Amino acid sequence: SIVEDLEDVLTSIREMMRCDVLEEPFTRETIIGLTHAELREHSHYPMKYYKVKQMVLPSYKLGKTYALLNQMRTAVRETEVAAATGKSYDRGDIIEELNRMSSAMHILMCKQLAKLQNQETK
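These figures come from a predicted structure and were not determined experimentally. (Residues numbered from 1 in each chain as written. Predicted model: local features only at pLDDT ≥ 70, side-chain atom pairs only at ≥ 80, totals over all residues. Heavy atoms only, no water.)

Participant: Quick rundown of the layout of surface pockets? Include the residues and the values.
Facilitator: Considered as a void within the structure, the largest pocket measures approximately 160 Å³ in volume. If you go around the largest pocket, the residues you meet are Ile13, Met16, Met17, Asp20, Ala75, Val76, Thr79, Tyr89, Ile94, Leu98 and Met101. For the lining of the largest pocket, the secondary-structure elements that each account for two or more residues are α1 (2-22), α4 (63-85) and α5 (92-121). Partitioning the lining of the largest pocket into residue classes produces nine nonpolar, one polar and one charged. (1 Å grid on protein atoms, 1.4 Å probe; cavity = no way out; pocket = protein on both sides within 12 Å on 5 of 7 lines; lining within 4 Å. Points joined across faces, edges and corners; volume = space filled by probe spheres on them. Helix = DSSP H or I, 4+ residues; strand = E, 2+ residues; numbered from the N terminus. Nonpolar A, V, L, I, M, F, W, Y, C, P; charged D, E, K, R; others polar.)

So, in structure tokens, the structure goes:
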């Protein structure tokens, strides 16, 4: 469910913050139940997995949940870009996880879009 997936994203954020503060490596292998390779595959080929187009831009017709997921994806991406382009931040492991988290948010958007499409066909 979307709530369980968002809880897992929150778990990753908490672990990321802990690793950053304690200067430990980030080693979590999955997010939203997908390995890094699976995450990339699902994110790049949403038609194959969810029967939806890639990166459908938000519209009021897609509802509040889709818009909020996009807002979260945008915030994650903004954080990733800021960390990657900052001169003093050298935590490649955390920057990589931010990239994966952005992909996870994109997948959640795809799942939501698939759910909306299924509701329309009923």
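Now that the structure is up, let's keep going.
Participant: Any chance you could break down the side chain of Ser43 for me, citing the residues and the numbers?
Facilitator: Assignment of secondary structure puts Ser43 in helix α2 (residues 36-44). Owing to a relative accessible area of 8%, Ser43 belongs among the buried residues under this scheme. (Buried < 20%, exposed > 50% of the residue type's maximum accessible area, 1.4 Å probe, protein only.)

Participant: Let's hear about the nonpolar core: which residues, and what values?
Facilitator: Of all hydrophobic cores here, the largest spans 28 residues; its most connected members are Ile31, Ile32 and Leu39. Only α1, α4 and α5 provide two or more residues apiece to this core. For this core, the element with the most residues is α5, which contributes 13 residues. Apart from residues no more than four positions distant in its own chain, Ile31 is found in contact with Asp8, Val9, Ser12, Leu39, Glu97, Met101 and Ala104. (Core = buried A, V, L, I, M, F, W, Y, C linked by side-chain atoms within 4.5 Å. Contact = heavy atoms within 4.5 Å.)

Participant: Explain the pattern of salt bridges to me, and be specific about the residues and the numbers.
Facilitator: Evaluated as defined, the whole model comprises 11 salt bridges. Between Lys111 and Asp5 there is a salt bridge, and its shortest N-O distance comes to 3.0 Å. Residue Lys111 is found in helix α5, and its partner Asp5 is found in helix α1; the two are separated by 106 residues along the sequence. Here Lys111 falls in the partly exposed class, since its relative accessible area comes to 33%. Looking at Asp5, the relative accessible area reads 11%, which means it is buried. Linking Arg18 and Glu15 is a salt bridge whose minimum nitrogen-to-oxygen distance equals 2.9 Å. Here Arg18 pairs with Glu15, and both are found in helix α1, just three residues apart, close to one helical turn. (Salt bridge = Lys/Arg side-chain N within 4 Å of Asp/Glu carboxyl O.)

Participant: Give a detailed account of unusual backbone geometry, specifying residues and quantitative values.
Facilitator: Even without glycine at this site, Glu23 takes up a positive phi of about 55°. Its identity as a non-glycine residue notwithstanding, Ile32 has a phi of 45°, on the positive side. Locating Ile32 in the fold gives a position in the loop between β1 (30-31) and β2 (34-35).

Participant: Talk me through the environment of Arg100; I want residue IDs and the actual numbers.
Facilitator: Tracing the backbone through its elements, the reader meets Arg100 in helix α5. As a C-alpha pair, Arg100 and Ile31 span 69 residues in sequence and 7.9 Å in three-dimensional space. Apart from the residues within four sequence positions on either side, Arg100 is in contact with His36 and Leu39.

Participant: Describe α1, listing the residues and the values that go with them.
Facilitator: End to end, α1 covers 30 Å across 21 residues, agreeing with the expected 30 Å (1.5 Å per residue, within 8%). Along α1, the residues that are buried comprise Asp5, Asp8, Val9, Ser12, Met16 and Cys19. End-on, the buried residues of α1 take up no more than an arc of 100°, which puts them together on one face. Seen from the buried face of α1, the exposed residues on the opposite side, beyond 90 degrees, are Val3, Glu4, Met17 and Val21. Phi turns positive, to about 55°, at Glu23, one or two residues after α1. (Expected span 1.5 Å × (residues − 1). Arc of directions from axis to C-beta.)

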